[in-house]
Amino acid sequence: MTSQTFFTLEADGVSVVIDLSTGTPVVLHWGVELGGPNQAKDLLSAMQEGVPHADLDAFQNPGIWRENARGFLGRPAVLGHRDGQDWSQMFEVVEVSSGENTLYVRSADVAAGLEVSVNFELGATGILKISQSIKNTGTSSFSLGDLTTWLPLPDQAAETVDFTGRWVKERQPQRREIQVGTWAREIREGRSGHDYTIVQLAMTSGADYQRGEVWSMGLQWSGNTRHLVERQPTGRTTMGAGELLLPGEVILESGESYEAPTVVAGYSAQGIDGITDRHYRWLRSRPNHPSNVRPRPLTLNVWEAVYFNHNLEKLVQLADVAQGIGVERFVLDDGWFGDRRDDHAGLGDWVVSKDVWPNGLKPLIDAVKDRGMEFGLWFEGEMINPDSDLYRAHPEWILHVGDRIPPEGRFQQVLDLTHQGAYDHVFGQVDAILSEYDIAYIKWDHNRTLTEAAHLGQAAVREQTKAIYRLFDQLRANHPGLEIESCSSGGGRIDLGMVEHADRFWTSDCNDALERQYIQRYTQFAIPPEMLGSHVGPTHSHTTHRTHALSFRAITALFGHAGLEWDVTETTPEERAALTSWAAYYKANRALLHTGKMIRVEQKNEAAFVHGVVAQDKSRAIFAYATLRAMPGQTPSAMRFEGLDPNAMYRVKMVEPAGSPQYIHRQLPTWLGGIELTGAALAVVGLRPPILAPENAFLVEVERV
Ligand code: GLA
């Protein structure tokens, strides 16, 4: 073991300073690079607090495990007990090893029979990953309640942002002042959920997209979760995240360990966009990141076109029109298997229905492939309808407690994938379909929350979550090149754990472009657009019944993994022409849209969103201006452009790949056809946008001259 007690990890403007001199890992600093030579001792003394009256007699920094035994009175990192004993621990460092920007520490409480370990890894993009585990070294079993990963926030962290949401309105931000107490966002629905905080932010007062310091924490986990911000009465603030364990869910037998989901922590000195940028650069640095494998194919999903009415002739008509538009992937959604003629039956029976597909799926797949497209298929393998052959054969294969049958959700129960028989059944049937047919992509749904999720009475969300990761990985291993989309009634399973097992997320069942402006903006805080399905929906939205111009829907869908979800056989020739030109625009520009830096510009009023993608070398950008409501002023405030090179000259012009927005004008601004300005002028002066009706959008192309 090294005798060194002070460690600094440094990358891309971020420093993490960890001290072990008090016998436990203390994160002294996580944030901006501190610079200068080794400031170990002085930093420690700088942070040494005075001792007030009516407190313990010496200052104690409890470190990351926050033991009560060290005098800490907030929420400890470890909660648990051994039959009422060993609930209070004091861990002492027993092993330390460090590498380039990594630090591993193992600590033990020999008397309590427990060991904890932590691994810090600061990646090249400044993303800090922290993995913790706990091991029962005692002789009897230890019931673990909680192992949370905590990081300190500096005193200037004043506000937090987390997210709430529901079906068809995912990820609405909540911003609040940090006050004394513990602010907890808990998910107990057995999936990350529509209400999930993919990434929690803490920031300096008034921080915005471009300015201010921001600290973020996300969890690589798709089951139950807890995100926390805690301010002590002392004023010290910490941010934490971990898996939410149900009572008795993890009981460690002698020698067993629990691995907490990895925490992904980001710091930005340049506002929220800086956090987003770190996330994107981290995810895109993975060799198997979807846009590193191949350009994201323009997708048509037939769900809102046909729902459960599967009919070869109609689907081939759709494929014909799709081919004309330039679609590259054709996805058959729910309804092709078992007795699945509506949502009352069939889940669990993953065999092609003889009733609707007497000759199997081959005729459709051939038609799709003949038209130059690849084929995708829908599954919902973790679910089971009581009206299914599988349930009739194995009613015991559902997650449940005792004799109670959980309430149905969409007429379905959750299949217990921790049951080997159930797992093998699903894997076997899905694998057989993928082996029989040429299928490039599967959309994997999850349309029910987990309630009383137990295997033989014991809570099983954790094991169920691990099972679906295993299943996805095994399917991908058996079918190289297979892409998986994680869907859960739209955006109910989008998280930083699933990014390692799936290639795409269905962002929301809401294809209403106005709602999508918000849903995509906030989901994109942590997840890059190439992983987020965004489809042009029907003229009249099926989920909100709003009507939107095609240009607005198309521009909104462009900033994602684009596609269509609309009965395009009903489109007019003008609409088809607009879709064809938009499809070509998507293909010509996806390399930029899926590799560039995401920029969201603070507008003076929030009646419009301005966002764009700027090439990493700042040579090009595409920005969108989208009106959300009627403008408060007679004429709108300037559209500004951030993220460009202030000293470079740029040519800017409006482009209309899917037709014009609805103007409310007697005379349009003169710049639309193109003008040249510096990046500085574009950032500060900006452009006067044309006056648009609410719920309209246009694009501006920016090119260095
Ligand atoms: C969920 C999905 C939809 C669609 C239906 C099919 O709601 O989010 O996109 O696949 O299931 O039943």
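Rules of the game
- Note on numbering: residues in each chain are counted from 1, in written sequence order.
- Local features in a predicted model are, by the rule used here, given only for residues with pLDDT of at least 70; side-chain atom pairs are given and counted only at 80 or more, and totals for whole chains, interfaces and linings are based on all residues.
- No hydrogens and no water enter the side-chain calculation; it runs on all heavy atoms of the structure.
- Secondary structure elements follow DSSP: runs of H or I no shorter than four residues count as helices, runs of E no shorter than two count as strands, and numbering proceeds from the N terminus.
- Burial classification: accessible surface area is computed with a 1.4 Å probe over protein chains only, and a residue below 20% of its type maximum counts as buried, one above 50% as exposed, and the rest as partly exposed.
- Contacts: residue pairs with any heavy atoms within 4.5 Å of one another.
- Throughout, near means a residue has at least one heavy atom within 4 Å of the molecule or strand.
- In protein, a polar contact means a hydrogen-donor-capable atom and an acceptor-capable atom, both N or O and within 3.5 Å, with residues adjacent in sequence counting only if both atoms are side-chain atoms; elsewhere, any N or O pair within 3.5 Å suffices.
- Any residue that is not Ala, Val, Leu, Ile, Met, Phe, Trp, Tyr, Cys, Pro, Asp, Glu, Lys or Arg is counted as polar, Gly included; the first ten are nonpolar and the last four charged.
- Strands are labelled as partners when DSSP assigns at least two bridges between them.
- Throughout this description, the term nonpolar core refers to a set of buried Ala, Val, Leu, Ile, Met, Phe, Trp, Tyr and Cys residues connected via side-chain atoms within 4.5 Å.
- A fitted line through C-alpha atoms represents every axis, and for helices the fit uses only the stretch in contact; the resulting angles, taken between N-to-C directions, go from 0 to 180 degrees.
- Oblique is the label for every angle not falling under 35 degrees (roughly parallel), over 145 degrees (roughly antiparallel), or within 65 to 115 degrees (roughly perpendicular).
- Put simply, a salt bridge is a Lys or Arg side-chain nitrogen that is within 4 Å of an Asp or Glu carboxyl oxygen.
- Note on ring pairs: Phe, Tyr and Trp rings are taken, using the six-membered ring of Trp, and paired if centres are within 6.5 Å. Classes follow the plane angle, with under 30 degrees stacked, over 60 edge-to-face and the rest tilted.
- By the definition used in this description, the sense in which the near helix is turned from the far one sets the handedness, with an anticlockwise turn below a right angle giving left-handed and a clockwise turn giving right-handed.
- Disulfides are defined as pairs of cysteine sulfur atoms found within 2.5 Å of each other.

(A) Main features of the overall build of the chain. Along the backbone of the chain there are 13 helices and 38 strands. Principal axes of the C-alpha set define a box for the chain whose edges measure 80 × 70 × 40 Å. The buried share of the chain, reckoned over its 705 residues, is 62%. Long-range pairs, those at least 24 residues apart, make up 69% of the contacts in the chain with a sequence separation of at least 6.

(B) Seen up close, the site of the ligand. Taken together, 13 residues lie near the ligand, and Asp-333, Asp-334, Arg-410, Lys-443 and Asp-509 sit nearest. Contact between the ligand and Asp-445: an oxygen atom at 2.9 Å from a side-chain N or O atom of the residue. Note that an oxygen atom of the ligand is positioned 2.9 Å from one of the backbone N or O atoms of Gly-490. Here the residues of the shell around the ligand are counted per class, giving four nonpolar, three polar and six charged.

(C) Summary view of the pairing of strand β35 (residues 620-627). Summarising burial for β35: seven of the eight residues are buried, a large majority. In this sheet, β35 lies alongside strand β34 (residues 608-614) in antiparallel orientation, the contact comprising seven bridges. The residue bridging Val-613 from the neighbouring strand is Ile-622, located in β35. Alignment of β35 against strand β38 (residues 697-704), held across seven bridges, turns out to be antiparallel. Residue pairing across strands places Ile-622 opposite Glu-701, the latter belonging to β38.

(D) Geometry of the nonpolar core. Judged by nonpolar contacts, the single largest core of 180 residues is most densely connected at Trp-30, Phe-330, Trp-336, Trp-444 and Trp-582. With eight residues, the single largest contributor to this core is helix α12 (residues 573-593). Trp-336 has contacts with His-310, Arg-341, Trp-350, Val-351, Val-352, Ser-353, Trp-357, Leu-361, Leu-377, Trp-378, Phe-379 and Ile-433, leaving out every residue within four places of it along the chain. Listed in part, the 25 residues of the second largest apolar core include Ala-607, Ala-621, Met-639 and Val-700.

(E) Examining the sheet that holds strand β36 (residues 649-655) more closely. Pairing within the open sheet is antiparallel, and its six strands lie in the order β33-β34-β35-β38-β36-β37. Each edge of the open sheet is held by one strand with a lone partner, namely β33 (597-601) and β37 (675-678). Strand-to-strand twist across the sheet, computed as the mean angle between neighbouring axes with direction ignored, equals 25 degrees. Two elements, β36 and β38, share six bridges in a ladder whose sense is antiparallel. Considered in β38, the bridge of Val-652 is made with Val-702. Strands β34, β35, β36 and β38 of the sheet are contacted by α12, whose axis makes an angle of about 110 degrees with β35.

(F) Structural view of the packing of helix α5 (residues 312-325) against α12. Two numbers describe how α5 lies on α12: the axes approach to 8 Å, and their chain directions differ by 55 degrees. In terms of their interaxial angle, α5 and α12 are classed as oblique. The segment α5 lies against α12, with Val-321, Gly-324 and Ile-325 engaging Arg-576, Leu-579, Thr-580 and Ala-583.

(G) Layout of unusual backbone geometry. The backbone phi angle of Glu-452 is positive, close to 45 degrees, even though this residue is not glycine. By secondary structure assignment, the location of Glu-452 is in the loop between β26 (441-444) and β27 (454-455).

(H) Structural context of the pattern of salt bridges. Here the structure, examined in full by the defined rule, presents 51 salt bridges. Close ionic contact of Arg-296 with Glu-483 constitutes a salt bridge, the shortest N to O distance being 2.6 Å. Of this pair, Arg-296 sits in the loop between α3 (290-293) and β21 (299-301) while Glu-483 sits in strand β29 (residues 483-486), and the two are 187 residues apart along the sequence. One exposure class covers both Arg-296 and Glu-483, and it is buried. Arg-340 is the partner of Asp-334 in a salt bridge, and the nearest nitrogen-oxygen pair spans 2.9 Å. For the residue pair Asp-334 and Arg-340, the accessibility class agrees, reading buried in each case. Salt bridges sharing partners connect three or more residues here, namely Arg-75, Asp-146, Glu-186, Arg-188 and Arg-226.

(I) Highlighting the sheet that holds strand β13 (residues 181-187). Taken together, four strands build an open sheet; the order of strands is β10-β17-β16-β13 and the sheet is antiparallel. Edge positions in the sheet fall to β10 (149-153) and β13, since each has one partner strand and no second. Each neighbouring strand pair of the sheet contributes to a mean axis angle of 15 degrees, computed without reference to strand direction. As paired elements, strand β16 (residues 225-231) and strand β17 (residues 237-243) share seven bridges and run antiparallel to each other. Across the sheet, residue Leu-228 finds its bridge partner in β17, namely Gly-240.

(J) Inspection of the packing of aromatic side chains at higher detail. Tallied over the full model, the rule gives 22 aromatic pairs. Look at Trp-303 and Phe-308: their rings are 5.2 Å apart centre to centre, the planes differ by 90 degrees, and that puts the pair in the edge-to-face class. Side by side, Trp-303 and Phe-308 carry an identical accessibility label, which is buried. Ring centres of Tyr-423 and Phe-427 lie 6.5 Å apart, and the angle between their planes is 5 degrees; this geometry places the pair in the stacked category. A residue pair is termed a helical-turn pair when its members lie 3 or 4 positions apart in one helix, as Tyr-423 and Phe-427 do in helix α8 (residues 420-436) at four residues. Pair check on accessibility: Tyr-423 and Phe-427 agree, each one buried.

(K) Representation of the packing of α8 against helix α9 (residues 461-478). The N-to-C vectors of α8 and α9 enclose an angle of 30 degrees; their axes lie 11 Å apart at closest approach. By the angle between their axes, α8 is roughly parallel relative to α9. For α8 against α9, the interelement crossing comes out right-handed. Residues Tyr-423, Val-426, Phe-427, Val-430, Asp-431 and Leu-434 of α8 touch α9, and the partners they reach there are Ala-467, Arg-470, Leu-471, Gln-474, Leu-475 and Asn-478.

(L) Inspection of the state of the cysteines at higher detail. Going through the model one piece at a time under the given rule, you end up with zero disulfides. Here Cys-487 stays free of any disulfide, with the sulfur of Cys-510 as its closest cysteine sulfur at 13 Å.

(M) A look at the environment of Glu-92. Within the fold, Glu-92 resides in strand β5 (residues 92-99). Considered as a pair, Glu-92 and Asp-109 are 17 residues apart in the sequence and their alpha carbons are 6.4 Å apart. With residues up to four places along the chain from it excluded, the contact list for Glu-92 reads Gly-23, Arg-70, Arg-106, Ser-107 and Ala-108.

(N) Representation of the environment of Thr-8 in the model. Its location among the elements puts Thr-8 in strand β1 (residues 6-11). Judged by relative accessible area, Thr-8 falls into the partly exposed class, the value being 41%. For the pair formed by Thr-8 and Gly-674, sequence separation is 666 residues and the distance between their alpha carbons is 49 Å.

(O) The arrangement of the environment of Glu-606 in detail. Mapped onto the fold, Glu-606 is located in the loop between β33 and β34. By relative accessible area, which is 35% here, Glu-606 ends up partly exposed. For Glu-606, the contacting residues outside a window of four places in its chain are Leu-628 and Arg-629.

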